[in-house]
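Notes for the structure review
Each chain, letter by letter, is given below.
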Amino acid sequence: MKNVAGLSGRQPTTVPVAGQPVSATDLSTRDRVTRLLLERGATTAAQLGDALGLSPAAIRRHLDAMLVDGDVAAREQVVRGSRGRGRPAKVFELTDAGRGRCGTHHYDNMATAALRWIARNGGSDAVEAFATEQVAALEARCRAAMEDAGDNPLARAEALAGALTVEGYAANASTIASGGQLCQHHCPVAHVAAEFPQLCEAETAVISRLVGTHVQRLATIAHGDGVCTTHIPGQPGRAQSGKTVTTVRTDR
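Residues numbered from 1 in each chain as written. Predicted model: local features only at pLDDT ≥ 70, side-chain atom pairs only at ≥ 80, totals over all residues. Heavy atoms only, no water.

Observations concerning the overall build of the protein
Rule in force here: The helix and strand labels rest on DSSP assignments: H or I over at least four residues marks a helix, E over at least two residues marks a strand, and numbering proceeds from the N terminus. When a residue's accessible area, from a 1.4 Å probe over protein chains only, is under 20% of the maximum for its type it is buried; when over 50% it is exposed; and in between it is partly exposed. In what follows, residue pairs with any heavy atoms lying within 4.5 Å of each other are defined as contacts. Areas reported here follow the Shrake-Rupley algorithm with a probe of radius 1.4 Å; residue values treat only the protein chains shown as occluding.
The helix and strand tally for the protein stands at 8 helices and 7 strands. Expressed as a percentage of its 252 residues, the buried residues of the protein come to 42%. Taking the contacts inside the protein whose residues are at least 6 apart along the sequence as the reference set, 59% of them involve residues at least 24 apart. Counting only carbon and sulfur atoms, one obtains 51% of the accessible surface of the protein, whose full area is about 13,700 Å².

Focus on helix α5 (residues 108-145)
Our working definition: One less than the residue count of a helix, multiplied by 1.5 Å, gives the span that helix is expected to have. Across the chain, bend at a residue is computed as the angle between axes fitted to the seven residues ending at that point and the seven starting from it.
Its 38 residues place the ends of α5 only 28 Å apart at the C-alpha level, less than the 56 Å of an ideal helix rising 1.5 Å per residue. At Gly 122, α5 is bent by approximately 130°, the largest bend along its length. Residues of α5 that are buried include every one of Asp 108, Thr 112, Leu 115, Ile 118, Val 127, Ala 131, Val 135, Leu 138, Glu 139 and Cys 142, and no others. Next to the buried residues of α5 lie α6 (153-166), α7 (190-195) and α8 (198-211).

Re the environment of Ala 114
Of note, Ala 114 is situated in helix α5. By relative accessible area, Ala 114 is classed as partly exposed at 38%. Once the C-alpha coordinates of Ala 114 and Val 127 are considered, the two residues, 13 residues apart in sequence, prove to be 10.0 Å apart.

Side note on the sheet that holds strand β4 (residues 171-176)
We count it as follows: Any two strands with at least two DSSP bridges between them are considered paired. Axis definition: a line fitted to C-alpha atoms, over the contacting stretch in the case of helices. Angles run 0 to 180 degrees between N-to-C directions.
Taken in spatial order, the 4 strands make up an open sheet running β4-β5-β7-β6, and their pairing is antiparallel. The open sheet terminates on both sides in strands that have one partner only, identified here as β4 and β6 (216-219). When strand polarity is set aside, the average angle formed by the axes of neighbouring strands in this sheet is 25°. Across 6 bridges, the pairing between strand β5 (residues 179-184) and strand β7 (residues 228-233) is antiparallel. If you follow Cys 183 over to β7, its bridge partner there is Thr 229. The sheet contacts of α8 involve β5, β6 and β7, and relative to β6 the element is tilted by about 130°.

Quick notes on unusual backbone geometry
Backbone geometry at Ala 170 places phi at a positive 50°, although glycine is not the residue there. With respect to the element layout, Ala 170 can be found in the loop between α6 and β4.

Regarding the nonpolar core
Let me state the cut-off plainly: What is meant by a nonpolar core is a set of buried Ala, Val, Leu, Ile, Met, Phe, Trp, Tyr and Cys residues, joined one to another through side-chain atoms within 4.5 Å.
Grouped together as the largest cluster of nonpolar side chains are 30 residues, with contacts concentrated most on Leu 115, Cys 142, Leu 160, Leu 164 and Leu 182. Contributing elements (two or more residues each) for this core: α5, α6, β4, α7 and α8. When sequence neighbours within four positions are dropped, the list of residues in contact with Cys 142 reads Leu 160, Ala 163, Leu 164 and Leu 210. Ranked by size, the runner-up nonpolar core spans 17 residues in total, among them Leu 37, Ala 45, Ile 59 and Leu 63.

Quick notes on α6
Here is the rule we go by: Polar contacts, as counted here, are pairs of nitrogen or oxygen atoms within 3.5 Å of one another; within protein the pair requires one atom able to donate a hydrogen and one able to accept it, and residues that are adjacent in sequence qualify only if both atoms are side-chain atoms.
Over its 14 residues, α6 runs 20 Å from end to end, which matches the ideal 20 Å to within 8%, given 1.5 Å per residue. Along α6, the residues that are buried comprise Pro 153, Arg 156, Ala 157, Leu 160, Ala 161, Gly 162, Ala 163 and Leu 164. Among the structural elements, α5, β4, β5, α8 and β7 are those in contact with the buried residues of α6. N-capping of α6 is provided by Asn 152, with a side-chain oxygen placed 2.8 Å from the backbone N of Leu 154. Where α6 terminates, the next one or two residues include Gly 168, which has phi positive at roughly 100°.

Re the pattern of salt bridges
Two side chains with opposite charge may pair up if their charged atoms get near one another. Our working definition: Salt bridge criterion: a side-chain nitrogen from Lys or Arg within 4 Å of a carboxyl oxygen from Asp or Glu.
A complete count under the given rule lists 7 salt bridges for this structure. Here Asp 69 makes a salt bridge to Arg 30, at a shortest N to O gap of 3.9 Å. You can see Asp 69 sitting in helix α3 (residues 56-69) and its partner Arg 30 sitting in helix α1 (residues 24-40), a full 39 residues away along the chain. A relative accessible area of 44% places Asp 69 in the partly exposed class. The class for Arg 30 is buried, based on a relative accessible area of 9%. Its salt-bridge partner being Glu 195, residue Arg 116 comes within 2.8 Å of it at the nearest N-O pair. Taken as a pair, Arg 116 in helix α5 and Glu 195 in helix α7 lie far apart in primary sequence, 79 residues in all. Look at Arg 116 and you get partly exposed, because its relative accessible area is 40%. Judged by relative accessible area, Glu 195 falls into the partly exposed class, the value being 39%. Connected through salt bridges with shared partners, the residues Glu 139, Arg 143 and Arg 209 form a single ionic network.

Rendered as structure tokens:
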């Protein structure tokens, strides 16, 4: 799996002090925190500190400042199965404002207005056709990048994650008990897709064709999840030429 390049190794950091201007060093560190959260999604302070080479006190002070600015949000870590005593660790994830600082939502209003116009004048079929055409170029670039990935769907999912990361989706793939999982920690059209799910459906169809099997969308950033998550079955059948399954929500 891919990690953010150049984030390992301890580096000296100036700890931000309330009421004083933020130094260039602090801003650089917060940019690195933002990039890491963008790629990994919800992450604990300890994991962030280890990846960035920062002490627990330093990373927590940076996170506290980002919480005040509204760039990150904190929640208790979800622990599946039995866990030890004590409260679960907190995880931190980017807010919409934090993602916006990464240039994620430029022109959202114009894009949404354009799709509303298409829907009014051409109906939902026209919106679907538009979405399919929009992802065609992405599919072609990813397919070219996956040329040497072979036929195994899980290996292809890992290659696809790398191709999507280059495209700005901060993706990674992993093997799980039921097969594989492709996660996209960034969605360039999340705000638009919240109103027009055809964009998510077209992207899911692309993932299915590229990995070569039926896939199942479990969560999307557009619907309020922290990560776009796609399940890849362990015993795949070949993908059909048409649709993939509809999104299945597991958090409601």
